[in-house]
Amino acid sequence: MMNSTNQFLLITDLDNTLVGDDLATKRLNQYLVDRREHYVVVYATGRSYNSAKQLKRERELIEPDYWITGVGTEIYFQDCLDFNWANQINTDWQREAIASFVTSRFPQLKLQAKEEQNPWKLSFDLLDSAHEPISQLQAVGKINRGYVECLATARSITLTTSDRPTNGTINQLVNSLQAMKFKAQVIFSSNVDLDILPVKANKGNAVQYIQQKLGMAANRTLVCGDSGNDISMFQQPVCGVIVNNAQLELIEWYQAHADEHHYFAKNAYANGIFEALQKFKLILE
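Residues numbered from 1 in each chain as written. Predicted model: local features only at pLDDT ≥ 70, side-chain atom pairs only at ≥ 80, totals over all residues. Heavy atoms only, no water.

Student: Sorry if this is basic, but what is going on with the side chain of lysine 56 here?
Tutor: Residue position: lysine 56 is located in helix H2 (residues 49-59). When near neighbours in sequence (up to four residues on either side) are disregarded, lysine 56 contacts Leu61, Ile62, Glu63, Pro64 and Trp67. (Helix = DSSP H or I, 4+ residues; strand = E, 2+ residues; numbered from the N terminus. Contact = heavy atoms within 4.5 Å.)

Structural data, given as structure tokens:
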């Protein structure tokens, strides 16, 4: 545990949150560099650790104190995997059995590249009827008709949806995994990306793990995101900002569940993060 009386915990998604507007990213980056001792910075991303580090180098981002990668399945500190976290989420996880079951039963789900997989994550692209990845334009149209948010329970997989997806794939997947009694969690983002994780693994639980490890108060913690796989972060008792360019599934979640700890920014990308630092009085002049 650390002395957090003069520090803030800033946890942000990368793609389309911290990254997306180069000038805004550079501005926030410089602000944090100038006040580095006052912020514990965590990058929370769906990317693999290596992919996230490559993005950091390409965009010249500051080195974070912690990395949450693979949609919350991995936590890294000083380039070392946190095996305590890995052991926590590994309980009842049957990765190979789930992979075999899904790939044999769901041809419309295509495994993503090997680099995007890890021992606690199975990542797929949702294909359309022609077995091509769904385009962003198609995705936006489908999200307008409803989004899917998949949450884990201790015993099985549950599905919460504002409107059933037209192709029924996600419904079928969740029901089939339930029937097979697999203990897993399904996270579906942007009507394209589908991740199957252990029940305890997501960005939100990883945020809570780091927050408790550091002894950081909720009112000194800010989480930032733009898509469905960030929802679990906003379910934690911390301050949260949804950047203005957010995906519709997260906007709909905000409309249904937001409270005084959640803020929908007027600005997009990193400018939205900076705006939220001011809103929640986590800013240092």
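Student: Just to check I follow, could you spell out the environment of arginine 36 for this structure?
Tutor: Positionally, arginine 36 belongs in the loop between helix H1 (22-34) and strand E2 (39-44). For arginine 36, a relative accessible area of 23% gives the class partly exposed. As for arginine 36 and glutamine 7, which are separated by 29 residues in sequence, their C-alpha atoms are 9.5 Å apart. Not counting residues up to four positions away in its chain, the partners in contact with arginine 36 are Val41, Ile62, Glu63, Pro64 and Asp65. (Buried < 20%, exposed > 50% of the residue type's maximum accessible area, 1.4 Å probe, protein only.)

Student: Honestly, the sheet that holds strand E1 (residues 8-12) in this entry has me stumped. Any pointers?
Tutor: Think of a sheet as strands paired side by side through backbone hydrogen bonds, with each pair either parallel or antiparallel. If you trace the eight strands from one edge of the open sheet to the other, you get E5-E4-E3-E2-E1-E12-E13-E14, paired in mixed fashion. The two strands at the open ends of the sheet, each matched to only one other strand, are strand E5 (80-81) and strand E14 (262-264). Sheet analysis places E1 next to strand E12 (residues 221-225), joined by four bridges and oriented parallel. Paired with isoleucine 11 across the bridge in E12 is valine 223. Lying over the sheet, helix H7 (residues 203-214) contacts E1, E2, strand E3 (66-69), strand E4 (74-77) and E12, oriented at roughly 160° with respect to E3. (Pairing = 2+ DSSP bridges. Axes fitted to C-alpha atoms, helices over the stretch in contact; angles between N-to-C directions.)

Student: I'm lost on the layout of surface pockets in this one. Help?
Tutor: Where empty space is left can be seen by rolling a probe of water-molecule size over the atoms. In this structure, the largest pocket spans a volume of roughly 460 Å³. Lining the largest pocket are 23 residues, and of these Asp15, Gly46, Arg47, Asp193 and Asn229 lie nearest its centre. Within the lining of the largest pocket, the residues separate by chemical class into three nonpolar, 11 polar and nine charged. (1 Å grid on protein atoms, 1.4 Å probe; cavity = no way out; pocket = protein on both sides within 12 Å on 5 of 7 lines; lining within 4 Å. Points joined across faces, edges and corners; volume = space filled by probe spheres on them. Nonpolar A, V, L, I, M, F, W, Y, C, P; charged D, E, K, R; others polar.)

Student: Explain the sheet that holds strand E7 (residues 122-126) to me, please; I cannot follow it from the model alone.
Tutor: One open sheet accounts for four strands, arranged E6-E7-E11-E10; its pairing is antiparallel. Looking at strand neighbours, the two that pair on one side only are strand E6 (109-111) and strand E10 (185-189), the edges of this open sheet. Adjacent strand axes in the sheet meet at a mean angle of 30°, parallel and antiparallel pairs treated alike. Sheet topology note: the E6/E7 ladder contains three bridges and is antiparallel. Looking at E7, one finds that leucine 109 is bridged to leucine 126. Each of E6, E7 and strand E11 (193-197) is contacted by helix H4 (residues 95-105), which is oriented at about 15° to E7, the strand it contacts most.

Student: What should I look at first to understand the pairing of E3 in this one?
Tutor: Two faces belong to every sheet, and in a regular strand the side chains alternate between them. Burial along E3 is two-sided: the face carrying Tyr66 and Ile68 and the face carrying Trp67 and Thr69 are both buried. Two elements, E2 and E3, share three bridges in a ladder whose sense is parallel. If you follow valine 42 over to E3, its bridge partner there is tyrosine 66. In this fold, the crossover linking E2 to E3 by way of H2 has right-handed handedness. Bridging between E3 and E4 involves four bridges; their strand directions are antiparallel. Counted as the bridge partner of tyrosine 66 is phenylalanine 77 from E4. In this antiparallel pair of consecutive strands, E3 and E4, the connection spans four residues, and glycine 70 shows a positive phi of 60°. (Right-handed = clockwise from strand over helix to strand, strands pointing away.)

Limitation: the analysis is restricted to geometry and does not speak to function.
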